[in-house]
Number of protein chains: 2
Amino acid sequence: MNSTQNNIYVTIMAGGVGSRFWPASRNARPKQFLDMLGLGKSLLRLTFERFLKVCPAEQIYVMTNQQYRAQVLEHLPELKGHQILCEPSRNNTAPCIAYAALKLKKTNPNATMIVAPSDHLITDETTFVAKIQQAAKFASEQQALVTLGIQPHQAHTGYGYIKYQAAAAAPGVHRVDAFTEKPDKATAESFLQEGNYLWNGGIFIWQAATVLEAYIQYANSIYEVLYAGWDQYNTSKEQSFINEAYPKTESISVDYAIMENADNVYTIPADFGWSDLGTWDSIYQIQEKDEAQNVVSQCNALLQDTSGCLIHADPKKMIVVKGLDDYIIVDDKDVLMIFPKAEEQSIKAITKAVKDQGKAQYL
Amino acid sequence: MNSTQNNIYVTIMAGGVGSRFWPASRNARPKQFLDMLGLGKSLLRLTFERFLKVCPAEQIYVMTNQQYRAQVLEHLPELKGHQILCEPSRNNTAPCIAYAALKLKKTNPNATMIVAPSDHLITDETTFVAKIQQAAKFASEQQALVTLGIQPHQAHTGYGYIKYQAAAAAPGVHRVDAFTEKPDKATAESFLQEGNYLWNGGIFIWQAATVLEAYIQYANSIYEVLYAGWDQYNTSKEQSFINEAYPKTESISVDYAIMENADNVYTIPADFGWSDLGTWDSIYQIQEKDEAQNVVSQCNALLQDTSGCLIHADPKKMIVVKGLDDYIIVDDKDVLMIFPKAEEQSIKAITKAVKDQGKAQYL
C-alpha cells in the first residue's frame, strides 16, 4: 500500500430514511440496510466491501443517525465503535461532512476523505476504484475538492447535474463550472446535447484539511459550532459534545453550502455502472427479467398472464399472481403494497396517508 | 329438555380439505378451522355453537381425519376425546356416517342423528334450530330419512337439487322424489321455474337405527365391514378396529349410496340464510362492502382507485392497493395470491401448479 492509500479514509453516509421504498424500507430499517437487489447483502454491506478495495476496514467510517448505530454494526461487524459517527439530528450533509472532516483531520492531518452514499449501486468496481484513486491523488496534490461525475445516458430529471470545462486540468480531470439541481425535462435534454454535463452522484474526494478550509470560507457557522469540539474528537467526550453541538448547526447540503461556492472544484467524468437505486423503477430496470419482463426478487413466484411487474418479497414467500401488468408488488412482513409502476411517485403520499390514519407503526 | 332432545346427537363432518380457499386454507389447516368471515371464530366453532341450541355439548360429535384431531380439540375444547371420530382414510361420506350411526346406536338405541357440514354459514339460527327439531321429531316418529332442503334463490349450478312432492306428508314435510347432482344452467333454471326443487345442503336427520336399516338394504358392504366392530365401539379398541377396517369400505357419498335409493326420504323446505361458503365469491357476496364494493376482511387496508376486490389477510397486516378492480387478494403467512375474481375456478389448478413446481410445502 503506497503512502496515498495510507492516508485515504472513506466516510459512508448511511443516515437516510428511504421513504420511497416503503414498505420494504421503514423508518426503523431504511433502504441501506436492505438487500434491495436480492444479492444476499445489504446495500451498505456492498458499499463497504467496494471500499475495501480502496483502503483497509479500519479507515472506513460510517456516518449515520443514532437510531441506526446497532444496525450498522450488525451489517459491518468489522467496524470498531469509533468508526461509526452518530448524528443526533438530521441536518443534511454539510454538518455531517464537517464533523467527519474534523475528526479525520485530528486523526491524520494528511487524511484524504472519500464521501460516498451507502445505498447506490456500482457494477464496474475496477473502474470505480481507479477513478477514486485518481481523484484522491489529484485532491491531495492540488488541494482540490473533487466529485466523480457520472456520464449521463438519459435526460433524467431526478438528478443534479455538474457542468464542467471541456479543457482538462489534468488527464481526465476537469474544473467544474456549475452545479444545477434537478432540471426540467427540456433543460436536461439541452444538457445532454451540450455534452459537458455529468450527473452528480454525491461522491466527493478531498483532503480533510482542504474541505475544512472551504467550510471556514463558505459555511463558517457550521465550522465554528463543530470546531469548538476539537479537543473532544477521538476522546470519550466526543459523543456528548456532538449531542450538544450538532443540532445547532445549519441544516444544509454540502452541495449548496460548499460545492456551489468554492472555486477549487473539479470533476472526473466516469462511467462505472452507477445507479442511485432511487426508485422502484430503477430497481426494476437493472434486474434480470423473465420472458414476460417480470422481475421477481428473491421470493418464489407463480405468475400467469402477468408482465412488467416488480415483485419484492421475503425469500420464503410464495407469490401467485394472475392477470397483472406493470405493477409493483412489495410484501414485507406486516405490509403488502400493490401499486401501478407508472404511479410510483405517489408512494410517498401513501405513507403520509398511512400516517394520517394513525397507523404510523407501519412506517 | 324433553325426551326427543335427550336422544338428539349431532355429528359434524369436519374432514374436508377446502382446496378452493388456498392459500387461506392449507392441507394442514383446512377451511373449517379458519375464521373465513372475520367473526373471531372458526367455521367449526360457529357450527358447534349453533348446535348447542339443539343438544348439550356431550351429545355433539365431530367426524374428521386423524391429522385434524388436535385442531378439532383446540377449537372445541368442550369435547371429550371419544366425541371425535377419526377416519384413517378419506372414503367420502357414506362410510363415515355408517361408523357414526353404529357408534351412536350402541350409545343410545333411540339416538336421533343430525349430520351436518362444519363449514357452512347459517344466519337465521332460530329458524334453523326449529327446522332441526321438527325434522328430528318426524324422523324418530316415522323412521324417516330427512334432509333439510334449502329454498333456492338462483339457478346455481354448483349444488345438488332435491325434487319433492307438492303434497305435504306432514305439515312442512314433503316426500322426496329425486336427487339431481349439479345440473347445467338450463336444467337449474327449469328447476327454479317448476318450483318443487330445493338445494341439498348436506344436512341430514334420522335415527341411527333407521339409517343403519338403509345401509343394510342399499350399502350392505359398508355396513358389514363396520358392523364387524360392534363389540369394539365405545371401548378402548374402537380406534384400532377403525384403523384396520375403515380403509376397506367403499368410497362413496351418502347421497349416492343411500338417499338416491331409499324410499323413506323426506325433506323440510327451509330458508335460514344458508351459504355453503364454497367459493371466494360466496365469501365476497355475503360480506359487508365499502362504498367501492370492496370487502376487506380483518386487515387494515388503504385502497385507492380499487373496487370490487376481496381482501383477506391477517388482522395485523396493512394492505395498500392502487388501481385494481375485481381481484381476490389473499395474504396468508408464506403465500400471497392476487387473482382475478372472475377466474377463481382456476385456483385449484394453481395449487396443482405449485405442487408440480415441487413446492408442496406451500399447500
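Here the structure is shown first, and the text comes after it.
Residues numbered from 1 in each chain as written. Chains lettered and ligands numbered in written order. Predicted model: local features only at pLDDT ≥ 70, side-chain atom pairs only at ≥ 80, totals over all residues. Heavy atoms only, no water.

## So, the sheet that holds strand β14 (residues 310-312) of chain B
No. 1: With mixed pairing, six strands are arranged side by side in an open sheet as β13(A)-β15(A)-β17(B)-β16(B)-β14(B)-β12(B). Looking at the sheet topology across the chains shown, the edges are occupied by β13 (300-304) of chain A together with β12 (295-297) of chain B. Averaged over neighbouring strand pairs, the angle between their axes works out to 5° when direction is ignored.
No. 2: On top of the sheet, helix α12 (residues 347-356) of chain B reaches β13 and β15 (318-322) of chain A together with β16 (327-332) and β17 (335-340) of chain B; it is set at about 135° to β13 of chain A, its chief contact. (Pairing = 2+ DSSP bridges. Helix = DSSP H or I, 4+ residues; strand = E, 2+ residues; numbered from the N terminus. Axes fitted to C-alpha atoms, helices over the stretch in contact; angles between N-to-C directions. Contact = heavy atoms within 4.5 Å.)

## Some details on the nonpolar core
No. 1: Within the largest apolar cluster, 49 residues are counted, with the highest numbers of intra-cluster contacts made by Phe-51, Phe-128, Ile-132, Val-146, Leu-148, Ile-205 and Phe-272 of chain A.
No. 2: Filtering out sequence-adjacent residues up to four positions away, Ile-205 of chain A remains in contact with Thr-112, Met-113, Ile-114, Ile-132, Ala-135, Ala-136, Ala-139, Ala-144, Leu-145, Val-146 and Leu-148 of chain A.
No. 3: Membership of the second largest hydrophobic core comes to 48 residues, among which are Phe-48, Cys-86, Tyr-161 and Tyr-266 of chain B. (Core = buried A, V, L, I, M, F, W, Y, C linked by side-chain atoms within 4.5 Å. Buried < 20%, exposed > 50% of the residue type's maximum accessible area, 1.4 Å probe, protein only.)

## Considerations on helix α9 (residues 238-245) of chain B
All names here are of chain B.
No. 1: Listed in full, the buried residues belonging to α9 are Glu-238, Phe-241, Ile-242 and Ala-245. When α9 is viewed along its axis, its buried side chains cluster within an angular range of 95° and face the same direction.
No. 2: The elements touched by buried residues of α9 are β3 (84-87), α4 (93-107) and α8 (220-227). (Arc of directions from axis to C-beta.)

## Overview of the pattern of salt bridges
Residue and element names in this part refer to chain A.
No. 1: In the structure shown here, the tally under the stated rule is 36 salt bridges over all chains.
No. 2: Between Arg-26 and Asp-334 there is a salt bridge whose closest N-O contact spans 2.9 Å. Linking Arg-26 in the loop between β1 (8-13) and α2 (43-51) with Asp-334 in the loop between β16 (327-332) and β17 (335-340), this pair joins segments that are 308 residues apart in sequence.
No. 3: With a shortest N-O distance of 2.8 Å, Glu-49 and Lys-41 are connected by a salt bridge.
No. 4: One continuous salt-bridge network, built from bridges that share partners, spans Arg-26, Arg-29, Asp-332 and Asp-334. (Salt bridge = Lys/Arg side-chain N within 4 Å of Asp/Glu carboxyl O.)

## Looking at the state of the cysteines
No. 1: Evaluated as defined, the whole model comprises zero disulfides over all chains.
No. 2: Here Cys-86 of chain B stays free of any disulfide, with the sulfur of Cys-96 of chain B as its closest cysteine sulfur at 10 Å. (Disulfide = S-S within 2.5 Å.)

## Quick look at the packing of aromatic side chains
Residue and element names in this part refer to chain A.
No. 1: Applying the stated criterion to the full structure yields 34 aromatic pairs over all chains.
No. 2: Each ring, one from Trp-199 and one from Trp-274, has its centre 6.1 Å from the other, and the planes form 50°; the classification is tilted. Taken together, the residues Trp-199 in strand β9 (residues 197-207) and Trp-274 in strand β11 (residues 274-275) connect sequence positions 75 residues apart. Take Trp-199 and Trp-274: they sit in the same class, and that class is buried. (Phe/Tyr/Trp six-rings, centres within 6.5 Å; stacked < 30°, edge-to-face > 60°.)

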